[in-house]
Amino acid sequence: MRSAAPRLPWRRWRGIARGAFCAMGLWLGSSCGTGSAIAQTAPQVVGAEYAAPTDRYDHGVLGDAIEWGALVLRLRDCPTCAPRGVRLTLPQTRVFEDLAPRLIRTDSGQTIAMVVESDLRRGARLALYGAEGLVTATPYIGRRNRWLAPVGAADLDGDGRVEIAYVDRPHLAKTLRVWRLEGERLSPVADLAGLTNHSIGWDYILGGLRECGTGPEMILADADWTRVMAVRLSAGQLTVTPLAPYRGRADIDRALACG
């Protein structure tokens, strides 16, 4: 006669079930265990790309008439889970007028995508998208066929908070704008005119951020395309330092490499 199997307390059965379902990414509880290699509180963005090419916005600032109607985020639900794709489709009145999404890290450690999103009537804005969709965005420039060129995102002034920077209308206004990401809100920090990072028709954006051992700097060209400029943010003010003559893209790349 077989002996009866031992009866395990509910806590033990629940622990076994949690371990098995966590391993498969299916546990619906609040945690997969303190210190577990597979514990994670929210899906993480691990990649992003544009999809749904469209010609519904005839601006062509990046060299052709094709923009993008959708953003695909690759999310990972736990460190050992395979990434899954989430497609975010814009309404017919908007496009992503951009080269590629940029992944940035927030103060809370979440990764989100920074993109240029344009409205057919109101022009461009800089938008941030996470696993749940739109997180926040700057205001639209306010007029059709007006664009902005991202510089980058980092803690630019050493206060522990992330700032994002872009050149507003790099062919017209040529104004560097810096905003601070605070939770799910963007607050303006500083502006500086007389700088640019793009010429009409280029399929690339010049410059970006560098760290050469003395804190982050933004590398751009002056408005006349004659000098390479380094810009710092400190105490809410932007200061600019000429670095070298601008003769072409190689001069910007050399500055980015701390040369």
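Draft legend 1. Representation of the layout of surface pockets within the structure. Approximately 370 Å³ is the volume found for the largest pocket. In this structure, the largest pocket is lined by 18 residues; those nearest its centre are Gln110, Ile112, Gly130, Val135 and Glu184. If you list the elements that add at least two residues to the lining of the largest pocket, you get strand 6 (111-119) and strand 8 (133-137). Ranked by residue count, the leading element in the lining of the largest pocket is strand 8, at three residues. Tallied by class, the residues present in the lining of the largest pocket amount to eight nonpolar, seven polar and three charged.

Draft legend 2. Geometry of the side chain of Asp222. Topologically, Asp222 is positioned in strand 15 (residues 216-222). Filtering out sequence-adjacent residues up to four positions away, Asp222 remains in contact with Gly194, Leu195, Thr196, Arg227 and Met229.

Draft legend 3. Seen up close, the state of the cysteines. Under the defined criterion, the tally for this structure stands at two disulfides. The disulfide bridge from Cys78 ends at Cys81, spanning 2.1 Å between sulfur atoms. Measuring the twist about the S-S bond at about 100 degrees, one finds the Cys78-Cys81 disulfide to be right-handed. Of the two residues, Cys78 and Cys81, neither departs from the other in class, the shared state being buried. The partner cysteine of Cys212 in its disulfide is Cys258, sulfur to sulfur 2.0 Å. An S-S torsion of about -95 degrees defines the bridge between Cys212 and Cys258 as left-handed. With a gap of 46 residues between them, Cys212 in the loop between strand 14 (208-211) and strand 15 and Cys258 in the segment after helix 2 (249-256) connect regions that are remote in the sequence.

Draft legend 4. Summary view of the sheet that holds strand 10 (residues 162-168). With antiparallel pairing, the four strands of this open sheet are ordered in space as 9-10-11-12. In the strand order of this sheet, the two ends are held by strand 9 (148-154) and strand 12 (185-193), each with one partner. Along the sheet, successive strands turn relative to each other by an average axial angle of 20 degrees, direction set aside. The pairing of strand 9 with strand 10 spans six bridges and is classified as antiparallel. Considered in strand 10, the bridge of Pro150 is made with Tyr166.

About the cut-offs
- Residues numbered from 1 in each chain as written.
- Predicted model: local features only at pLDDT ≥ 70, side-chain atom pairs only at ≥ 80, totals over all residues.
- Heavy atoms only, no water.
- 1 Å grid on protein atoms, 1.4 Å probe; cavity = no way out; pocket = protein on both sides within 12 Å on 5 of 7 lines; lining within 4 Å.
- Points joined across faces, edges and corners; volume = space filled by probe spheres on them.
- Helix = DSSP H or I, 4+ residues; strand = E, 2+ residues; numbered from the N terminus.
- Nonpolar A, V, L, I, M, F, W, Y, C, P; charged D, E, K, R; others polar.
- Contact = heavy atoms within 4.5 Å.
- Disulfide = S-S within 2.5 Å.
- Buried < 20%, exposed > 50% of the residue type's maximum accessible area, 1.4 Å probe, protein only.
- Pairing = 2+ DSSP bridges.
- Axes fitted to C-alpha atoms, helices over the stretch in contact; angles between N-to-C directions.

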